[in-house]
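# Report on the structure
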Amino acid sequence: MLRDQLARPLRDLRISVTDRCNLRCTYCMPAEVFGPDYAFLPRTELLSFEEIERLARVFVDLGVRKLRITGGEPTLRRDLPDLIARLTRIPGVDDVALTTNGLLLPRLAADLKTAGLHRVTVSIDSVDPEVFGRMNGLGTHPQKVLDGIEAALNAGLGVKINTVVQRGVNEAGLRNLWLALREKGAVRFIEFMDVGNHNGWNLDSVVPSREVLARLSEDGSGAEFHPLDPNYVGEVAARHTDAAGHEIGLISSVSAPFCGDCTRARLSAVGVLYTCLFAGSGTDLREPMRAGADEAGLRRIIELTWSSRRDRYSEERGEATTAQRGKIEMSHIGG
């Protein structure tokens, strides 16, 4: 089994298929940076579906069992169900999932399910139209995301819901969001992280997960929620349930880092392999692949990259680390 310098195996691969998005969320692609004149990647630089499938097969041969399609917003990539069908046919793949803002799911959910997609994770940070419109940067109404969630459920896809929590922005409405969405799927609350270089992160903006749990509770104590055992080693969300069986997840990258169990690699839309969400640089796989490298050659590059990995940014987060060189943008490698 391929392991890194901290004995962590390679089990999960997140594949970005585009750097474009149809929202401008302030913690990911703020509109003042990613405006009308922003130069997104040209189509020729993106990995083709054939190239993504080829690399995915090498990763699976090295131990990857879960594939997640990300962006930017992955549903903007033309013919996405075709890619899903390619990936679900790879022997050894146990799970293929998609992270999305949900806006295009009413049009795509049925085709994605037919192609073999197992589940979607949909991002929505508030059910309050004013708050959500401000957070997504374009004034988009939360009902458009809720319609996408319904489309996914109607298509038979598994659904999880992600909410990024920011102090002074959306924490006051967390219980309303929980009540509105708890019947739809597991709702996961994510501490605001310093991903990328433009989201204005500071520690004062982080709402610790223990406070989130208290805010979700009717009496403000959090006592109505009970912890659940992890589904698997390396699960990022600490899971809890209420008496009715509604599940929440708390992703505490800032207050309770989980680097020690991280089994995730990330492949950017242009074929650069990153071994951490907070990485400043990665390993180019597109260039050697387009130059004629065979599967054995690609395998050696990936093996060397992963076996040299020592990343544990969230455990080392502090003044010296935060001041490091620029980190890869979330829109290039997903969450």
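As the structure is a computational prediction, the values presented were derived from the model and not from experiment. (Residues numbered from 1 in each chain as written. Predicted model: local features only at pLDDT ≥ 70, side-chain atom pairs only at ≥ 80, totals over all residues. Heavy atoms only, no water.)

## Structural notes on helix α2 (residues 80-88)
The following threshold applies: We call a residue buried when its accessible area falls under 20% of the maximum for its residue type, exposed when it is over 50%, and partly exposed in between, using a 1.4 Å probe and counting protein chains only. Runs of H or I in DSSP of at least four residues are treated as helices and runs of E of at least two as strands, each being numbered from the N terminus. By the convention used here, residues are in contact when the closest approach between their heavy atoms is within 4.5 Å.
Along α2, the positions that sit buried rather than exposed are L80, P81, L83, I84, A85 and L87. Where α2 is buried, its residues touch β1 (12-16), α1 (49-61), β2 (66-70), β3 (95-100) and α3 (105-115).

## Overview of the sheet that holds β1
Rules: DSSP-based pairing: two strands are paired if at least 2 bridges between them are found.
The mixed open sheet is built from twelve strands, whose spatial order is β7-β8-β9-β6-β5-β4-β3-β2-β1-β10-β11-β12. Each of the sheet's edge strands pairs with one partner strand only, and the pair in question is β7 (226-227) and β12 (283-284). Relative to β12, strand β11 (residues 272-274) is paired through two bridges, and the arrangement is antiparallel. Paired with V272 across the strands is D284, a residue of β12.

## Some words on the pattern of salt bridges
Applied cut-off: Salt bridge, as used here: a side-chain nitrogen of Lys or Arg that lies within 4 Å of a carboxyl oxygen of Asp or Glu.
Counted according to the given criterion, the structure contains 18 salt bridges. R54 serves as the salt-bridge partner of E295, at 2.6 Å between the closest nitrogen and oxygen. One end of the pair, E295, is in helix α9 (residues 295-307); the other, R54, is in helix α1, and 241 residues separate them in sequence. When its relative accessible area of 23% is taken as the criterion, R54 is described as partly exposed. Note that E235 is salt-bridged to R239, the shortest N-O span being 3.9 Å. On the basis of relative accessibility, which here comes to 12%, the residue R239 falls in the buried class. Sharing partners across several salt bridges, the network here consists of D4, R8, R309 and D311.

## A look at the confidence of the model for the protein chain
For clarity, the threshold we go by: For every residue, the predictor reports its confidence as pLDDT, a number between 0 and 100.
Here the protein chain averages 93 in pLDDT, while 96% of its residues score no lower than 70. Confidence drops under a pLDDT of 50 for residues 319-323, and excluding neighbours within four residues, the segment shows five contacts in the predicted structure.

## Notes on the nonpolar core
Spelled out, the test is: Side-chain atoms within 4.5 Å are what join buried Ala, Val, Leu, Ile, Met, Phe, Trp, Tyr and Cys residues into a set we call a nonpolar core.
Formed by 102 residues in total, the largest nonpolar core has its most connected members in I15, L67, I69, L87 and F189. Beyond its immediate sequence surroundings of up to four residues, L87 is in contact with I15, I52, E53, A56, L67, I69 and V93.

## Examining the pairing of strand β10 (residues 264-267)
One face of the sheet, then the other: side chains in a regular strand alternate in exactly this way. Along β10, one buried face is formed by R264 and R266 and the opposite face, lined by A265 and L267, is buried too. Examined bridge by bridge, β1 and β10 share four bridges and lie parallel to one another. Within β10, the position partnered with D12 by the bridge is R264. Connecting β10 to the antiparallel partner β11 that follows it, the hairpin turn spans four residues, and G271 within it adopts a positive phi of roughly 85°.

## Observations regarding the packing of α3 against helix α5 (residues 142-154)
Spelled out, the test is: Think of each axis as a best-fit line through the C-alpha atoms, taken over the contacting stretch in the case of a helix, with angles from 0 to 180 degrees between the N-to-C directions. An angle below 35 degrees is read as roughly parallel, one above 145 as roughly antiparallel, one from 65 to 115 as roughly perpendicular, and any other as oblique. Helix crossings get a hand from a simple test, with the near helix turned counterclockwise from the far one by less than a right angle marking a left-handed crossing and a clockwise turn marking a right-handed one. Put simply, Ala, Val, Leu, Ile, Met, Phe, Trp, Tyr, Cys and Pro go in the nonpolar bin, Asp, Glu, Lys and Arg in the charged bin, and everything else, Gly too, in the polar bin.
At a minimum axis distance of 8 Å, the contact between α3 and α5 shows a crossing angle of 20°. Classified by the interaxial angle, the pair formed by α3 and α5 is roughly parallel. Taken as a pair, α3 and α5 cross one another with a handedness that is right-handed. Of α5, the residues touching α3 (which contributes L105, P106 and A109) are D147, G148, A151 and A152. The residue makeup of the contact of α3 with α5, split by class, is five nonpolar, one polar and one charged.

## Quick notes on the pairing of β3
Let me state the cut-off plainly: When the strands point away from the viewer, a crossover counts as right-handed if the path from the first strand over the helix to the second runs clockwise.
In terms of burial, β3 is a largely internal element, six of the six residues being buried. In β3, alternate side chains face the same way, and those of D95, A97 and T99 on one face and V96, L98 and T100 on the other are all buried. Note: β2 against β3, four bridges, orientation parallel. Looking at the pairing, R68 lines up with A97 of β3. Taken together, β2, α2 and β3 constitute a β-α-β crossover, and its handedness is right-handed. Assessed by its sense of winding, the connection that carries the chain from β3 through α3 to strand β4 (residues 119-123) is right-handed.

## A few points about the environment of A115
Mapped onto the secondary structure, A115 falls in helix α3. Sequence-wise, A115 and R89 are 26 residues apart; in three dimensions their C-alpha atoms are separated by 9.6 Å. Excluding residues that lie within four positions of it along the chain, A115 makes contacts with P81, I84, A85 and T88.

## So, α9
We apply this condition: By this rule, a helix spans an expected 1.5 Å times one less than how many residues it contains. Relevant arc is that of directions from the helix axis to the C-beta atoms, nothing else.
Its 13 residues give α9 an end-to-end C-alpha distance of 18 Å, which sits within 8% of 18 Å, the value for a rise of 1.5 Å per residue. Within the sequence span of α9, burial applies to G297, L298, I302, T305 and W306. Buried residues of α9 fall within an arc of 165° about the axis and therefore sit on the same side. Of the residues in α9, the exposed ones pointing more than 90 degrees away from the buried face are R300 and L304. Here the buried face of α9 lies against α1, β10, β11, β12 and α8 (286-290).

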